[in-house]
Amino acid sequence: QVGLVESGGGSVQEGGSLRLSCVASGRTFSRPVMAWFRLAPGKEREFVAGINASGRDTRYADSVKGRFTISRDPAKNSVSLQMDSLGPEDTAKYYCAAAPQAFVATRHQYYADWGQGTQVTVSS
């Protein structure tokens, strides 16, 4: 099992930026893939971005391509999500997740471990 702790959420105006971070602990070697999902009121959980162990394979939701960047620091067992050009549609609780398979999946069922989430609110 892997513990995940997110940080970096907050409130920002439209067009602003935020950087989310997630630190993993425990059997991190068993979770090569890490990702960010988000959940907004009245909506289903949505894949945002994911990254594999080497960092060479990344995937993004179409809604965030070109605005969000995922990266990881293996030495710190952490993954970050740089979010730029934020809009009200990005308002949600963002969750860090870790998966045991080697490929970056977009379906939440593939992810075994989840953080508690961090709130991101974008005002217009």
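The following paragraphs examine the structure supplied in this document.

Rules and cut-offs
Residues numbered from 1 in each chain as written. Predicted model: local features only at pLDDT ≥ 70, side-chain atom pairs only at ≥ 80, totals over all residues. Heavy atoms only, no water. Phe/Tyr/Trp six-rings, centres within 6.5 Å; stacked < 30°, edge-to-face > 60°. Helix = DSSP H or I, 4+ residues; strand = E, 2+ residues; numbered from the N terminus. Buried < 20%, exposed > 50% of the residue type's maximum accessible area, 1.4 Å probe, protein only. Lys NZ or Arg CZ within 6 Å of the ring centre and 35° of its normal. Disulfide = S-S within 2.5 Å. 1 Å grid on protein atoms, 1.4 Å probe; cavity = no way out; pocket = protein on both sides within 12 Å on 5 of 7 lines; lining within 4 Å. Points joined across faces, edges and corners; volume = space filled by probe spheres on them. Nonpolar A, V, L, I, M, F, W, Y, C, P; charged D, E, K, R; others polar. Pairing = 2+ DSSP bridges. Axes fitted to C-alpha atoms, helices over the stretch in contact; angles between N-to-C directions.

### Focus: the packing of aromatic side chains
Here a ring pair, both rings aromatic, is described through the centre-centre distance and the interplanar angle of the planes.
At step 1: Summed over the entire model, instances satisfying the criterion amount to five aromatic pairs.
At step 2: Relative to Tyr111, the ring of Phe37 lies with its centre 5.1 Å away and its plane at 75°, an arrangement referred to as edge-to-face. Residue Phe37 is found in strand β4 (residues 33-39), and its partner Tyr111 is found in the loop between β9 (92-99) and β10 (113-114); the two are separated by 74 residues along the sequence.
At step 3: What makes Phe37 buried here is its relative accessible area of 1%.
At step 4: The rings of Phe37, Phe47, Tyr111 and Trp114 are connected pair by pair, giving a single aromatic cluster.
At step 5: One Lys or Arg, Arg45, reaches over the ring of Trp114 and ends 4.6 Å from the middle of that ring.

### Notes on the state of the cysteines
At step 1: Scanning the model with the defined rule gives one disulfide in all.
At step 2: Disulfide pairing is shown between Cys22 and Cys96; the S-S distance is 2.1 Å. Across the S-S bond of Cys22 and Cys96 the torsion is about -80°, and the bridge reads as left-handed. Residue Cys22 is located in strand β3 (residues 18-26), and its partner Cys96 is located in strand β9; the two are separated by 74 residues in the primary sequence. As far as burial versus exposure is concerned, Cys22 and Cys96 are alike and both buried.

### Some thoughts on the layout of surface pockets
At step 1: Approximately 150 Å³ is the volume found for the largest pocket.
At step 2: In terms of lining, the largest pocket is formed by 14 residues, of which the most central are Thr28, Arg31, Pro32, Arg72 and Asn77.
At step 3: Residues that form the lining of the largest pocket fall into these classes: eight nonpolar, three polar and three charged.

### Some thoughts on the sheet that holds strand β1 (residues 2-7)
At step 1: Taken in spatial order, the four strands of this open sheet run β1-β3-β8-β7, and their pairing is antiparallel. Of all the strands in the sheet, just β1 and β7 (68-73) have a single pairing partner and so form its edges. Strand-to-strand twist in this sheet, taken as the mean axis angle between neighbours without regard to direction, amounts to 15°.
At step 2: By the bridge criterion, six bridges tie β7 to strand β8 (residues 78-83) in an arrangement that is antiparallel. Across the sheet, Ile70 pairs through a bridge with Leu81, a residue of β8.

By themselves these figures say nothing about function.
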